[in-house]
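Remarks on the overall topology
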Amino acid sequence: RKEVEQDPGPFNVPEGATVAFNCTYSNSASQSFFWYRQDCRKEPKLLMSVYSSGNEDGRFTAQLNRASQYISLLIRDSKLSDSATYLCVVRGNDYKLSFGAGTTVTVRA
Amino acid sequence: NAGVTQTPKFQVLKTGQSMTLQCAQDMNHNSMYWYRQDPGMGLRLIYYSASEGTTDKGEVPNGYNVSRLNKREFSLRLESAAPSQTSVYFCASSDGKSPVAFFGQGTRLTVV
C-alpha cells in the first residue's frame, strides 16, 4: 500500500465553482501535513500546511482528520490560475517526506 | 536568494553511462532529498539525508548512490544508466524546525 494516496482526478470545473478532494495516508505516526501545488513541468511549491484544527488561506481550506487518516483541500471560487496538480505531502518523525501522486484540477472559463 | 540549485537541467545518456546530478542549497537546511517523478506516479523518494553525514534509502534507491558532501550539497549518482531511469529528478531541502520543503527546478534525464 502506498504511504499517501490521492484521487488523481482530473477535476474539471467552471470558474467560480468549488472543488474539493482528499488524500489518505497510511502511517498513523505521521507528524506534519502539507498541500503542494505543481504546474506543468515545474517544481512543486508549498501551497499550505495543514493543521489539526483545520486552516484557511484565502480561497483554500485544508482539513486534517487524524482518526481516519485523511487530509482534504477545498478551493472556493475557482480561478483559471488554480489549474494545476495538487500534491498531498506527509512527513514522518524520520524527516522523510512522502508525496501522493497528485490530483489534477482544470478550471475552465 | 538562489534557494535550491540543481545541475544539469537536461541530460541525455546512453545506456550504461554514468553521471552525477548536483544539488546545492543556500538556506542552511539540515535535510535534503532526491525524488524522481514519472507520469502517473507522483514523486517517489530515492534517497534522503536527514542531516549532514547521514543518508538513508527511500522508496526507489536501486541503481542510485548519493553523497552528502557537506551541509549545502547532496549529489545523486547513476553508475550505469538504464532506460528505466528516464525521469524528472528533483532535489529538495528542508529545515528540521520548519519541515516545509523547497525544490530545485528539476533535471530532465533521458536514457537511450
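For the structure, check the block above.
Residues numbered from 1 in each chain as written. Chains lettered and ligands numbered in written order. Predicted model: local features only at pLDDT ≥ 70, side-chain atom pairs only at ≥ 80, totals over all residues. Heavy atoms only, no water.

Broken down by element type, chain B carries zero helices and 11 strands. Relative to its length of 112 residues, chain B is compact, with a C-alpha radius of gyration of 13 Å against a globular reference of 13 Å. Considered along the principal axes of its C-alpha atoms, chain B spans approximately 40 × 25 × 25 Å. Evaluated residue by residue, chain B yields a buried proportion of 50% over its 112 residues. Looking at chain B as shown, the accessible area adds up to about 5100 Å², and 49% of this sits on carbon and sulfur atoms. (Helix = DSSP H or I, 4+ residues; strand = E, 2+ residues; numbered from the N terminus. Rg over C-alpha atoms; globule rule 2.2 N^0.38 Å. Buried < 20%, exposed > 50% of the residue type's maximum accessible area, 1.4 Å probe, protein only. Areas by Shrake-Rupley, 256 points an atom, 1.4 Å probe, with all protein chains shown as cover.)

This next bit is on the sheet that holds strand β3 (residues 19–25) of chain B. Backbone-to-backbone hydrogen bonds join strands into a sheet, with any given pair of strands oriented parallel or antiparallel. Residues and elements named next belong to chain B. Read across the open sheet, the four strands follow the order β1-β3-β8-β7; overall the sheet is antiparallel. Whereas interior strands pair on both sides, the edge strands pair on one side only; in this sheet they are β1 (4–7) and β7 (64–68). Going from strand to strand, the sheet's axes swing by 15° on average, the running direction of each strand aside. Sheet analysis places β7 next to strand β8 (residues 74–78), joined by five bridges and oriented antiparallel. Along β8, the bridge assignment pairs Arg68 with Phe74. (Pairing = 2+ DSSP bridges. Axes fitted to C-alpha atoms, helices over the stretch in contact; angles between N-to-C directions.)

Moving on, we come to the packing of aromatic side chains. In this description, an aromatic ring pair is defined by two values, namely the gap between the centres and the angle between the planes. Residues and elements named next belong to chain A. The full count for this structure, using the stated rule, is 14 aromatic pairs over all chains. A ring pair is formed by Phe11 and Phe21, whose centres lie 5.8 Å apart and whose planes are at 35°; its orientation type is tilted. Residue Phe11 is located in strand β2 (residues 11–14), and its partner Phe21 is located in strand β3 (residues 19–25); the two are separated by 10 residues in the primary sequence. When its relative accessible area of 21% is taken as the criterion, Phe11 is described as partly exposed. Owing to a relative accessible area of 3%, Phe21 belongs among the buried residues under this scheme. (Phe/Tyr/Trp six-rings, centres within 6.5 Å; stacked < 30°, edge-to-face > 60°.)

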